[in-house]
Structure formats: structure tokens, C-alpha cells
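Report on the structure
Take a look at the letters that make up each chain.
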Amino acid sequence: MISIIKQRNLWWSISFSVVVAGFVAMAISWITPEIGAPLRPGLDFVGGTRLQLELDCSQPGNCDQPIEIAKVREVTDNLGISNPNIQIIGENRTGVSIRTKDLDVDERTELQKSLAEAIGTFDVTQTQIDTVGPTLGKQLFTSGLLALLAAFAGITLYLTFRFQLDYAFFAFVALFHDVFVTMGMFAILGLVAGVEIDSLFIVSLLTIIGFSVNDTVVIYDRVRETLQFYPEKHIDDVVDEAVNQTLMRSLNTTITTILPLVAIFFLGGETLKYFALALIVGFISGAYSSIFIASTLLAWWRERTGRAILTTATATEGEILDSTPTSE
């Protein structure tokens, strides 16, 4: 049997290091003028125009050299487009993504024409133009935050009534852990690779907390069931036993869920690529926090509050239903 409790300082140290690294990345992003937020916001949230162009490699010599970001910036400066966010994309760096203020049709046409003259002919079938107004972007961001808060509140209430307050609190801690790990990873990717978050990122966070709390509930339910029948057992033994009984179930569920997400990440195209990545990171973090964080924190708290071994005096209502195991 694997002893989760004995190594709990190790599990906590790993989580602490990952979360702190994410917070550092978010702080750097916040003070970076180009980003100005904990995560690099996409067009969905800040509004504006995003123009994505790809060189037409069917024309001889058109893709011999990768696109240079300096040439793109020179074009935007000549057109008076201030502070554009420019990224060179594609495996061979033959594509460019430009995000800037809201541009009208004439301005976009002039930008495309100037870029073609300076860099080369672009493939019109690969051209993507997205425009979002700043008001809509703000509404999407606000709605996303409200959805997250509502999900957290609903889960906390459900766990409080289904279990007890300490169960709910540490499940809540595990949920925050998973959200911050995912956000931290995307803060790092935003700094080193220019990865932006959009409305799908909010959807991924909501999916992650649903997955994570489900895994935590399975373990907590086994803890509560054992305490009902064996209140004389030490909480460390109860938690170790509950985790070991549910470990393979948690691992199998996580692995089988991640496998199709990996396929989506590599084969699903740019639109779903980082949505799948957020889910992969969050699901792995969710399995980890359910097994190594939520359970060990509950055991630690019960020890600190003198409830490591339940008695009639220390048990709360409903915690001991019957001290004699049933035959089932």
C-alpha cells in the first residue's frame, strides 16, 4: 500500500513550487507593458483586429526566407499603427499574426497590400481576419469571471451539505490549486511563446474544476464511509486506505480523458490547440491535487483539531452512522 501521508511535505512542496512559479510569471506579465495583465489576453477580451497571413509557398522562391518581425513592424510603423502585437507563426516561420486596434476595411486592405510588397505574396485561402469591439471583449471577460465564481460557490455549498465544512474547504483549496497551476502555465507560455487566452480558456477552467471536484469527491466519500464504520481508526490510516482504494480509478479516468485531448492538441488545428492544452494541464493537476493535496490536507487538519481518531464526543452529527460494519 502506498503511504500518501508520510510524504505529504513532498507533495505540498511540489505544488507550492509550481504555483509560485506561475505567480511569478503572472507578475512579470502584469508589469510587462506589451501585456499588462497576468495572462496575455486574446482578441476576445481586449477587442481590436487580428490579421493572420500565410505566405503562398506555391510560388517559386516566395517561402525561401522566414518572415522577419522587423520588416512587419516597419510596415505597421509606416502606416501609423501604434503598438501592434506581432507574432511570426508556422513551423517554417512563413506566417504572421498581427493584433492591433480596430481597423476598418480600407485600413486592413492597405496593411495587407503593404505587407505583400515588403514580404511577399500571401495565400488568400489562409488569410484570417477577426474583429471584436472593446465593449464585447469586456462583457466576455466579466461573464467568464462570474461563471467561475458561480461554479466555485455552487461546488462549495454542495460539498458543505454533502460532507462537512472542512471537507468542502480543502476541496476548494484543491480547486484553486488546479486553476492557478493552469493559469501559471499559460502565463509562462504567454511570456516565452506569445500564447494568448480567449473565451475557450474560461471554458477550460470551468471544465477543469468540474473534473477535479469529481475526483476529490470520490476520495472523500471513501474517507467518510470508512469513518462511519471504523471511527477508532486514525485519520492518516483512513486517508491512506481511501487513496489506495481509489488510486487506479483516478489514474485510469485521467489517462483515458487525456489521450483524446493529446490527439486534439496535435491534430485539432490552431483553434482548439491551446484549449486542449489547458485541459491536459488542468486534468493532470486535478488528479494530483485530489490524491496528494485535498486528502493530505484533510488528515493534517483533523490532527491539528484533535479529531485524528473519532469518538462519540469528537464526531460531528452524521459522521458516525454505525460503528459496526454491515455484511454488504
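I will try to describe carefully the structure that is included in this document. Just so it is clear, the structure is predicted and the values come from calculations on it, not from any experiment.

Looking only at helices and strands, the protein features 9 helices and 4 strands. For the protein, the sequential pattern of α-helices and β-strands runs α-α-β-α-β-β-α-β-α-α-α-α-α. Against the globule reference of 20 Å for 328 residues, the protein gives a C-alpha radius of gyration of 25 Å, more extended than a compact globule. Overall, the C-alpha framework of the protein stretches about 85 × 35 × 30 Å when taken along its three principal axes. For the protein, contacts bridging at least 24 residues in sequence account for 76% of all contacts bridging at least 6. A total accessible area of about 16,900 Å² is found for the protein, and carbon and sulfur atoms account for 61% of it. Within the protein, the 35 negative side-chain charges are centred at a point lying 5 Å from the centre of the 21 positive side-chain charges.

For the coordinates displayed, the defined rule picks out 17 aromatic pairs. Taking the centre distance of 6.4 Å and the plane angle of 85° together, the rings of Trp12 and Trp300 count as edge-to-face. Of this pair, Trp12 sits in helix α1 (residues 8-31) while Trp300 sits in helix α9 (residues 270-304); the two residues are 288 residues apart in sequence, bridging distant segments of the chain. You can call Trp12 partly exposed: its relative accessible area is 22%. Among the aromatic residues, those joined into a ring-pair cluster are Trp12, Phe169, Phe170, Trp300 and Trp301. Above the face of the Tyr230 ring, Lys233 is positioned so that its terminal group lies 5.3 Å from the ring centre.

Time to look at the nonpolar core. The biggest cluster of nonpolar side chains holds 64 residues, and the ones touching the most others in it are Leu39, Leu159, Phe186, Phe201, Tyr220, Val223 and Ile235. Elements supplying a minimum of two residues to this core: α1, α5 (134-162), α6 (165-193), α7 (199-229), α8 (235-267) and α9. Leave out the neighbours within four places in its chain, and Phe201 touches Leu39, Thr182, Met183, Phe186 and Ala278. Core analysis: the next-biggest nonpolar cluster, separate from the first, contains 15 residues, Leu55, Ile67, Ile86 and Ile98 among them.

As a further point, take the layout of surface pockets. Considered as a void within the structure, the largest pocket measures approximately 860 Å³ in volume. What lines the largest pocket is a set of 31 residues, and nearest its centre among them are Arg50, Gln52, Glu270, Thr271 and Tyr274. Elements that contribute at least two residues to the lining of the largest pocket include exactly α2 (43-46), β1 (48-54), β2 (85-89), β3 (95-100), β4 (128-132), α6, α7 and α9. Tallying contributions element by element places α9 first for the lining of the largest pocket, with 6 residues.

At their nearest, the axes of α1 and α6 sit 8 Å apart, and the two run at 45° to each other. One element, α1, and the other, α6, form an angle in the oblique class. As α1 packs across α6, the resulting crossing turns out to be left-handed. Each of Ser15, Val18, Val19, Gly22, Phe23, Ala25, Met26, Ile28 and Ser29 in α1 lies in contact with α6, whose residues at this interface are His177, Phe180, Val181, Met183, Gly184, Ala187, Ile188 and Leu191. Broken down by class, the residue content of the contact of α1 with α6 amounts to 12 nonpolar, 5 polar and no charged.

What counts and how
- Residues numbered from 1 in each chain as written.
- Predicted model: local features only at pLDDT ≥ 70, side-chain atom pairs only at ≥ 80, totals over all residues.
- Heavy atoms only, no water.
- Helix = DSSP H or I, 4+ residues; strand = E, 2+ residues; numbered from the N terminus.
- Rg over C-alpha atoms; globule rule 2.2 N^0.38 Å.
- Contact = heavy atoms within 4.5 Å.
- Areas by Shrake-Rupley, 256 points an atom, 1.4 Å probe, with all protein chains shown as cover.
- Lys, Arg positive; Asp, Glu negative; His and termini not counted.
- Charge placed at Lys NZ, Arg CZ, Asp CG, Glu CD.
- Phe/Tyr/Trp six-rings, centres within 6.5 Å; stacked < 30°, edge-to-face > 60°.
- Buried < 20%, exposed > 50% of the residue type's maximum accessible area, 1.4 Å probe, protein only.
- Lys NZ or Arg CZ within 6 Å of the ring centre and 35° of its normal.
- Core = buried A, V, L, I, M, F, W, Y, C linked by side-chain atoms within 4.5 Å.
- 1 Å grid on protein atoms, 1.4 Å probe; cavity = no way out; pocket = protein on both sides within 12 Å on 5 of 7 lines; lining within 4 Å.
- Points joined across faces, edges and corners; volume = space filled by probe spheres on them.
- Axes fitted to C-alpha atoms, helices over the stretch in contact; angles between N-to-C directions.
- Parallel < 35°, antiparallel > 145°, perpendicular 65-115°, else oblique.
- Left-handed = near helix turned anticlockwise from the far one by under 90°.
- Nonpolar A, V, L, I, M, F, W, Y, C, P; charged D, E, K, R; others polar.

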